[in-house]
Amino acid sequence: MSATPMSAGGPAASGASAKVVKRPGGGVRTLPLLAPSVGLLLIWMIVPLAMTLFFAFRRYNLLNPMIHGWAGFRNFKYLFQDPALLNSLMISVIIVVGVIAITIIFGTILAAVFNQPFRGQGFARVLMISPFFVMPTVSALVWKNLLLDPVDGLVAAIFRMLGLQPVAWFSVFPLGSIMAILCWEWLPYAFLILFTALQSMDEEQLEAARLDGASAIDIFLNIQLPHMSRAISVTIMIEMIFLLSVFAEIYVTTAGGPGYATTNLTFLIYQRALLAFNVGGASAAGVIAIVLANIVSAFLTRSVGKRLEL
């Protein structure tokens, strides 16, 4: 009798196939596909960071090429001895905390108001979110020349109609004027995120609360506000990241003045680099800004991540 060869589907083959571990993606090697984009992203991030770190430890003045060489930590020493650094940090904190507080408070209130049906609701929503799509430079020009100009501005005209003296807002209240512009720009964003969160609520829960005799304020404080807590955390994180780098509004309206009244850390870097031509000092300030931004982003990412896990 002739021996019958074992078929490919026999016990040996089935045992071998059982040991095969499938890779994610159906066994396709994804590294060659991801490597070009990831490599380009790393180069795009690492090269500017490396150049900033390099110039932060060197003497580099654009007006005098003879000033060069290794500076060590002297750029940081001179920067920390400059009162403008502490002032710029305080201005940055005031802008970030003030704008976030105002936009979150009014954003939650407006989201609850717009969540109720009323005539012209769609048109009102479009008007509400439209300032967010205006470029920062254009917003600053509109506020400076059309609204808050002490001679030809709309607010000055209203003051004269009421028998009041117009105010030079960017001279008398420079930081408040900057924050007003930023609130006008970022309130629509906060409203949009929080309103979207409210739209995902179960209407049966709200209807049950109304049947139990809960007032609109009780519903807002005990049902809607806790439901928006995750969206509020995400909104705070996004706004803080962008508000730390505010520049265009300050440059167009006050140029950091009067004095250093509206000079945040971003504008201080610009002053050191392109007005004082001190690239080394500006790079040192840039390193400080990078460190602070990473600390803030790490803290916010961790806190938001914990809240999203709830």
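Scroll up to find the structure.
Residues numbered from 1 in each chain as written. Predicted model: local features only at pLDDT ≥ 70, side-chain atom pairs only at ≥ 80, totals over all residues. Heavy atoms only, no water.

**As for helix H12 (residues 229–243)**
Then, in step 1: Helix length check: H12, at 15 residues, gives a terminal C-alpha distance of 21 Å against a target of 21 Å (1.5 Å per residue), a fit within 8%.
Then, in step 2: Along H12, the residues classified as buried are Ala231, Ile232, Ser233, Thr235, Met237, Glu239, Met240 and Leu243. (Helix = DSSP H or I, 4+ residues; strand = E, 2+ residues; numbered from the N terminus. Expected span 1.5 Å × (residues − 1). Buried < 20%, exposed > 50% of the residue type's maximum accessible area, 1.4 Å probe, protein only.)

**Concerning the packing of helix H5 (residues 121–129) against helix H9 (residues 174–199)**
Packed helices, taken two at a time, are described by the angle between their axes plus the distance between the axes.
Then, in step 1: Taken N-terminus to C-terminus, the directions of H5 and H9 make an angle of 135°; their axes are 8 Å apart at the nearest point. Between H5 and H9, the interaxial angle falls into the category oblique. Of the residues in H9, those touching H5 at Arg125, Met128 and Ile129 are Leu187, Pro188, Phe191, Leu192, Phe195 and Gln199.
Then, in step 2: Of the residues belonging to the contact of H5 with H9, the class tally is seven nonpolar, one polar and one charged. (Axes fitted to C-alpha atoms, helices over the stretch in contact; angles between N-to-C directions. Parallel < 35°, antiparallel > 145°, perpendicular 65-115°, else oblique. Contact = heavy atoms within 4.5 Å. Nonpolar A, V, L, I, M, F, W, Y, C, P; charged D, E, K, R; others polar.)

**Re the side chain of threonine 263**
Then, in step 1: Relative to the elements of secondary structure, threonine 263 occurs in the loop between helix H13 (248–253) and helix H14 (265–275).
Then, in step 2: There is a polar contact of 2.8 Å between the side chain of threonine 263 and the backbone oxygen of glycine 256.
Then, in step 3: Excluding anything up to four places from it in sequence, threonine 263 contacts Asn87, Ser88, Ile91, Gly256, Leu268 and Gln271. (Polar contact = N/O pair within 3.5 Å; in protein donor to acceptor, adjacent residues only side chain to side chain.)

**Points about the pattern of salt bridges**
Then, in step 1: Taken as a whole, this structure holds two salt bridges when the rule is applied.
Then, in step 2: Its salt-bridge partner being aspartate 82, residue arginine 272 comes within 2.2 Å of it at the nearest N-O pair. On the criterion of sequence distance, the pair formed by arginine 272 in helix H14 and aspartate 82 in the loop between helix H3 (74–81) and helix H4 (83–114) is long-range, its members being 190 residues apart.
Then, in step 3: Taking relative accessible area as the criterion, aspartate 82 reaches 23% and is therefore assigned partly exposed.
Then, in step 4: A salt bridge links glutamate 207 to arginine 210, with the shortest nitrogen-to-oxygen separation between them at 3.5 Å. Of this pair, glutamate 207 and arginine 210 are both found in helix H10 (residues 203–211), three residues apart, which corresponds to roughly one turn of the helix.
Then, in step 5: On the basis of relative accessibility, which here comes to 40%, the residue glutamate 207 falls in the partly exposed class. (Salt bridge = Lys/Arg side-chain N within 4 Å of Asp/Glu carboxyl O.)

**Considering the layout of surface pockets**
Then, in step 1: Space inside the largest pocket adds up to approximately 430 Å³.
Then, in step 2: Leu244, Leu265, Ala289, Leu292 and Ala293 are, among the 17 residues lining the largest pocket, the residues nearest its centre.
Then, in step 3: Elements that contribute at least two residues to the lining of the largest pocket include exactly H4, H14 and helix H15 (279–309).
Then, in step 4: In terms of residue count, the dominant contributor to the lining of the largest pocket is H15 (six residues).
Then, in step 5: By residue class, the composition of the lining of the largest pocket is 13 nonpolar, four polar and no charged.
Then, in step 6: Approximately 300 Å³ is the volume attributed to the second largest pocket.
Then, in step 7: Lining the second largest pocket are Met45, Pro48, Leu49, Thr52, Ile241, Leu244, Ile290, Ala293, Asn294, Val296 and Ser297.
Then, in step 8: Elements with a contribution of two residues or more to the lining of the second largest pocket: helix H2 (31–56) and H15.
Then, in step 9: Among the elements that make up the lining of the second largest pocket, the one with the highest residue count is H15 (five residues). (1 Å grid on protein atoms, 1.4 Å probe; cavity = no way out; pocket = protein on both sides within 12 Å on 5 of 7 lines; lining within 4 Å. Points joined across faces, edges and corners; volume = space filled by probe spheres on them.)

**Description of the nonpolar core**
Then, in step 1: Formed by 40 residues in total, the largest nonpolar core has its most connected members in Ile95, Val99, Leu182, Met228 and Leu243.
Then, in step 2: Breaking this core down by element, the ones donating at least two residues are H4, H5, H9, H10, helix H11 (216–227), H12 and H14.
Then, in step 3: In terms of residue count, H9 provides more of this core than any other element does, twelve residues in total.
Then, in step 4: Contacts of leucine 182, omitting those with residues within four sequence positions, involve Ile95, Val99, Leu243, Val246 and Glu249.
Then, in step 5: Residues Leu79, Ala84, Leu265 and Ala285 belong to the second largest nonpolar core, which totals twelve residues. (Core = buried A, V, L, I, M, F, W, Y, C linked by side-chain atoms within 4.5 Å.)

**Points about the environment of alanine 180**
Then, in step 1: In this structure, alanine 180 sits in helix H9.
Then, in step 2: Given the relative accessible area of 29%, alanine 180 is considered partly exposed.
Then, in step 3: Taking C-alpha positions, alanine 180 is 8.1 Å from valine 99, a pair spaced 81 residues apart along the chain.

**Observations concerning the packing of H4 against H11**
Then, in step 1: Packing of H4 against H11 leaves a shortest axis separation of 12 Å and a crossing angle of 100°. When the axes of H4 and H11 are compared, the pair comes out roughly perpendicular. On the side of H4, the interface is formed by Thr108, Ile109 and Ala112, while H11 contributes Phe220, Gln224 and Leu225.

**A few points about unusual backbone geometry**
Then, in step 1: Cis geometry marks the peptide bond from glycine 257 to proline 258, where omega comes out at -5°.
Then, in step 2: In this fold, proline 258 is placed in the loop between H13 and H14.
Then, in step 3: A positive phi angle, close to 55°, is found at alanine 255, a residue other than glycine.
Then, in step 4: Here alanine 255 is to be found in the loop between H13 and H14.

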